[in-house]
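# Structure at a glance
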Amino acid sequence: MANAPSGNTPRLALRGITKQFPGCLANDSVDLTLAPGEVHALLGENGAGKSTLVKIIYGVQHADAGTIEWEGQPVHIGNPAQARRLGVGMVFQHFSLFESLTVAENIALGLDNPGPMKDLTKRIVDVSQRYGLALEPTRHVHTLSVGERQRVEIVRCLLGEPRLLIMDEPTSVLTPQEVERLFETLRRLSSEGKTILYISHKLEEIRVLCDNATVLRGGKVVGKCDPKMTSARAMAEMMIGTELSSPQRLGPAVEGAPMLELVRLSTTSIDPFATNVKAANLTVRAGEIVGIAGVAGNGQAELLAALSGEDILPDPNMVKIEGKPVGHVGPRERRMMGMSFVPEERLGRGTVPEMTLADNALLSGYMVGEFAMLSSGMVRSDRAQDYAAKVIKTFNVAARGHHSLARSLSGGNLQKFIIGREMMFKPRLLVVAQPTWGVDAGAAASIHQAIIDMARAGTAVLVVSQDLDELFELCDRMAVIYHGRLSDTQEAKGTSVEAIGLLMGGVFGQQDEDTNAAS
Amino acid sequence: MLRLEARPQPSRTMVLATPVLAVVLTLIAGVIMFAILGADPLEALYAFFIAPIDNLYGLGELGVKATPLVLCAVGLSIGFRANVWNIGAEGQLVMGAIFGGWIGLFHNGGGGIWVLPLMFIASAIGGAFWGAIPAFLKTRFNANEILTSLMLTYVAQLFLNYLVRGPWRNPQGFNFPQSKSFDDFAAIAPMFDGTRLGFGFIVALVAAFAGWLLMSRSFLGFQIKVAGLAPAAAGYAGFSAKRLTWAAMLISGGLAGMAGLNEVAGPIGQVVAVVSPGYGFTAIIVAFLGRLHPIGIIIAALLIALSYIGGDAAQMSMNLPVAVSSVFQGMLLFFLLGCEVLIRYRIRPRLRAATG
Amino acid sequence: MHHDTVTAILLSTVLASTPMLFAALGELVTEKSGVLNLGVEGMMLIGAVIGFVVTAATGSAILGVILAAVAGALASGIFGVLTLLLLANQVACGLALTIFGIGLSALIGKPFIGKPLSALPQLHISGLSDIPVIGPLIFGQDALVYISILMAIAVHLFLNRTRQGLIVRAVGESHDAAHALGYPVVGIRFLAVMFGGAMSGIGGSYLSLAYTPLWSEGMTAGRGWIALACVTFSTWRSARVVLGAYLFGFFTIAQLHAQALNVPIPPEFLSMAPYLATVLVLVIISRDATRIRMHAPASLGRVFHGG
């Protein structure tokens with residue numbers, strides 16, 4: 001790959017881009033220059049201003065100050081259609097796809113002049129073959145896997161013949177093998193002279209893929225480097241601004257009694273967009289942390305609803321807490337048996353955004369006898385307030401107090417509040433979904449530490465996450481969920497990212513052989 | 001150009017200021033409307049809003065009209081908080097009038113002071129029964145309660161028509177579609193001489209207080225609020241959406257039913273074909289105008305009641321169409337809903353990007 | 001039954017269904033764009049009164065229908081401003097629009113109560129309309145009936161065959177994704193809402209110009225709500241909207257004929273038929289949650305704030 005741009009004119013040059021949001025300076029005088037054929041990484045933590053910057057390039061947001069030059073000409077990018085006409089394509093982090101429409105319809109919506117459907121279908125097939133992105137134009141998007149959906153997004157961009165392709169966290173939902181395939185596609189694109197702006201916080205990927213990197217922190221450019229020559233640790237410290245600390249483990253897991261057992265757990269959601277769990281078996285013992293890896297949309301949501309009690313199961317014996325069947329009872333009863341639950345959706349499920357933290361303490365704390373937030377049908381709001389205040393203090397939640405609305409907290413602080421709220425009940429079984437997804441590194445580290453401490457104190461912990469690094473850091477054992485099927489667990493120490501990655505891609509049979517060969 | 005900017009916390013000032021702002025805007029629009037209708041706006045506003053209540057009888061009428069509005073709106077507001085859109089309060093009101101009226105007519109010519117309390121209970125059961133049908137259809141079959149509760153309103157009204165034209169018609173009533181009058185023990189007497197205001201008004205105030213207690217202090221109220229604001233969070237917490245739907249429909253149906261009885265046993269004194277000039281629908285406006293809060297609902301109900309008697313008075317004194325009241329009510333709700341944006345958003349001038 | 005009776009029932013079914021068909025087609029497009037406008041009843045009433053008043057004043061039914069459509073669109077414009085620009089709750093605003101429409105139409109129509117008007121002329125295609133039963137049914141209707149059928153076909157083609165229709169569906173499916181791709185979500189929805197209003201206005205004017213033809217307060221008698229039920233009944237597919245509207249129209253007419261035939265059931269109970277049928281149909285359709293989920297616009301009723 002050519003490190004040096006062909007010609008001297010940069011494809012895109014940003015100078016002094018500044019964007020102010022209420023209460024937050026998202027971009028502070030950012031300069032960025034991209035050459036033709038270059039793969040450029042934009043690095044930074046959540047909230048560093050990466051997304052805002054690319055939205056400005058794509059015309060979704062408008063800068064308050066600064067200039068944009070496209071191939072040497074100053075331009076004003078008023079909206080995405082203008083950006084596309086210039087030659088900017090973008091693949092979104094949260095895919096901008098329409099579930100009930102077909103692949104071809106989705107692609108047509110992303111093009112300014114799609115032409116007749118028949119020709120478009122042919123062009124889709126051509127492009128997807130040329131870049132190894134297999135797609136069936138007539139399928140409905142809701143039937144596609146996450147990896148396939150991303151292909152739809154990429155093909156949609158490529159049909160617009162962009163000269164700059166922006167990829168926003170493209171690998172966060174892919175298996176390691178899918179990531180490798182994506183990189184091959186991106187390398188081919190760059191060899192054709194297309195510029196790629198690659199946004200990520202995954203440093204190893206950037207070192208493998210990118211020619212240059214710009215690091216953002218707090219809306220400012222804090223450094224530029226050649227990622228192939230810079231260590232991941234050095235880049236991480238640029239991103240965070242301080243040194244990294246790894247969580248402390250106090251000794252190995254103690255083999256305790258089974259706290260949670262799944263016995264041929266199968267869900268029967270009638271939602272046509274759901275992935276039902278099929279005959280899952282799993283045991284989580286007191287004192288250990290078990291992880292479930294998998295690409296989003298493989299049945300995690302359905303599994304979690306069955307665990308929390310939001311989804312009532314046909315057979316009570318499918319879920320057991322401390323040996324007692326609970327499949328037929330709801331969240332309230334399961335909590336009374338010592339289970340706490342941290343859902344993936346923080347706003348709207350884990351908390352009520354428009355309610356105060358005190359009310360949100362009551363949300364899941366009402367049945368915990370010890371705190372007695374209820375008396376004869378009435379709410380003891382003083383006790384709910386005390387509880388919320390205690391969570392805020394113990395878990396260092398940055399909030400003005402128990403009267404703050406849940407939606408006013410940052411993602412990391414809200415997650416600390418929810419995890420704190422669930423932990424202060426002193427559960428004997430803790431189920432956590434995506435503990436640090438979208439959370440800044442500081443908060444993530446403290447959340448990880450709290451989970452490990454809780455387990456070492458004798459609580460059984462089940463973590464469901466898409467983040468393999470996180471699972472390897474936390475877990476004693478790991479399983480993978482794929483198309484609703486749950487694999488057997490593996491000792492975290494005895495397995496590798498690659499082995500788990502194969503499972504995440506659905507290669508269950510081969511994995512079993514590997515395990516057998518190893519044992 | 002203007003744009004909306006989300007506030008970090010809802011503005012408490014605006015929560016209180018928006019209804020006032022909406023009323024002011026409605027009055028301005030009213031002046032324009034009167035001018036279009038060819039009436040002197042100031043005279044019309046006076047005839048509409050001041051003249052009707054410058055005497056004791058008028059004040060009493062204010063309470064008479066506010067009573068069913070408060071009863072219905074308190075119930076509806078509880079449902080709206082839970083995202084249960086019962087808009088069939090009118091039908092539940094009619095059913096309450098039928099059930100309660102039946103007890104009253106049944107004891108015509110022989111009964112005691114226990115009849116009236118029994119009628120109230122029957123009316124609450126009747127209204128709750130009519131509210132239970134959409135609740136059942138929603139929780140069992142997932143059928144939209146907006147449409148079912150509304151369709152049932154037409155059914156209830158037709159059923160009442162059948163009763164007063166058929167089995168319940170007063171043989172001595174010159175073929176008018178109305179029942180015999182209730183006996184004294186089955187009728188609500190005025191509390192003050194010179195007015196028609198009965199103790200139903202007290203019942204409405206008690207209902208508002210109970211509604212306040214329920215929503216701001218009880219755990220059931222908390223569950224209702226959570227279910228309305230974030231249904232998934234309610235599921236996570238283990239609050240049963242079906243149970244809350246039932247609770248909201250039964251409470252609002254029961255209160256609307258009592259409102260219906262208060263009409264037939266109170267100001268009307270017998271069962272007639274039309275027991276309400278649309279109180280059940282107007283209560284929707286009252287509930288929103290009162291910000292779904294019982295105290296607000298009482299104030300809003302008095303205001304809307306004024307628009308009712310003002311409409312009657314303006315019809316008589318200035319020959320303005322009585323429909324002016326509904327136009328006022330509709331405009332008021334429009335302005336209120338429009339102004340509500342100020343609670344959660346600030347209006348800012350749109351900044352133009354300063355790109356090259 | 002004599003075939004004249006059959007012809008009469010079928011003919012009047014077409015008459016009774018047409019107002020709901022117009023309104024339901026409009027609401028279908030509105031809902032497809034992700035907006036739930038419960039103000040159909042109010043917009044129909046406004047259309048009914050404007051259509052009647054204009055026709056009575058000018059003698060031109062064509063002008064009456066056109067201005068009814070304009071009035072319906074303007075009324076829905078109020079709803080659009082509130083829900084799309086001021087981000088107000090769609091359910092509440094729809095109810096407000098209905099209440100407002102009931103009041104405003106009564107106010108405007110007051111001087112016209114009880115005044116007669118000649119009904120829209122039927123188009124007779126000589127020869128064809130003389131065929132028994134299907135002759136008058138297919139070839140002897142007034143112009144608006146044919147227009148309603150053409151509109152159903154046009155809406156179907158628009159939603160499923162055109163790029164603009166695809167964009168409307170996309171906005172209704174995910175306003176965030178549509179916004180990210182640069183589509184003007186609010187503008188598209190506003191047009192869809194105005195179209196719904198115009199169609200409701202035409203539907204209302206059909207009531208006061210062709211179906212009865214006279215003006216009386218609240219003359220829609222729940223037809224706007226039944227039109228909303230038609231859209232749910234159709235699970236958001238245009239062909240089924242036609243079916244739904246004709247089904248509900250048939251219930252209305254069937255009970256009227258039953259009353260005329262002195263069926264030993266009190267007329268009030270017979271009059272309940274269209275309303276009870278609506279409830280029944282809603283229950284049957286809604287039981288299948290999977291189908292609703294597959295076809296309902298995913299953003300329906302949700303507030304969009306593009307920033």
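In this text, all values refer to a predicted model and were calculated from it rather than measured experimentally.

Scoring rules and cut-offs
Residues numbered from 1 in each chain as written. Chains lettered and ligands numbered in written order. Predicted model: local features only at pLDDT ≥ 70, side-chain atom pairs only at ≥ 80, totals over all residues. Helix = DSSP H or I, 4+ residues; strand = E, 2+ residues; numbered from the N terminus. Buried ≥ 20, exposed ≤ 12 C-beta atoms within 10 Å, placed from the backbone. Contact = placed C-beta atoms within 7 Å. Pairing = 2+ DSSP bridges. Axes fitted to C-alpha atoms, helices over the stretch in contact; angles between N-to-C directions. Nonpolar A, V, L, I, M, F, W, Y, C, P; charged D, E, K, R; others polar.

### A short note on the environment of B:P177
All names here are of chain B. Relative to the helices and strands, P177 resides in the loop between α6 (145-165) and β2 (178-181). P177 gets classed as partly exposed once you count the C-beta atoms within 10 Å, which come to 19. For the pair P177 and N161, spaced 16 residues apart in sequence, the C-alpha separation works out to 7.7 Å. Contacts of P177, omitting those with residues within four sequence positions, involve V164, R165, R169, V272 and A273.

### So, the sheet that holds strand β6 (residues 88-91) of chain A
Residue and element names in this part refer to chain A. Ordered in space as β6-β7-β8-β3-β9-β10, the six strands form an open sheet in which the pairing is mixed. One side of each edge strand has no neighbouring strand; the edge strands of this open sheet are β6 and β10 (220-225). Neighbouring strand axes in the sheet, compared pairwise and without regard to direction, differ in orientation by 20° on average. Bridge count for strand β3 (residues 39-43) against strand β9 (residues 212-217) is four bridges, and the pairing is parallel. Directly across from A41, in β9, lies its bridge partner A213. Those strands touched by helix α1 (residues 50-57) are β3, β6, β7 (164-168), β8 (195-200) and β9, and its axis lies near 150° from that of β7. Sheet strands in contact with helix α8 (residues 232-240) are β3, β9 and β10, and its direction is about 35° off that of β9.

### Some thoughts on the interface of chain B and chain C
Taken together, the contact pairs 38 residues of chain B with 40 residues of chain C. Of all the secondary structure elements, the ones that give two or more residues to the side of chain B that touches chain C are α5 (115-141), α6, α11 (279-289) and α13 (324-339) of chain B. A total of eleven residues in the side of chain B that touches chain C trace back to one element, the largest contributor, which is α6(B). Split by residue class, the side of chain B that touches chain C holds 28 nonpolar, nine polar and one charged.

### Observations concerning helix α16 (residues 497-504) of chain A
Residues that lie three or four places apart on an α-helix share one face, since the helix turns once every 3.6 residues. Of the positions making up α16(A), those classed as buried are A:A499, A:I500, A:G501, A:L503 and A:M504. Immediately downstream of α16(A), the backbone of A:G506 shows phi near 95°, a positive value.

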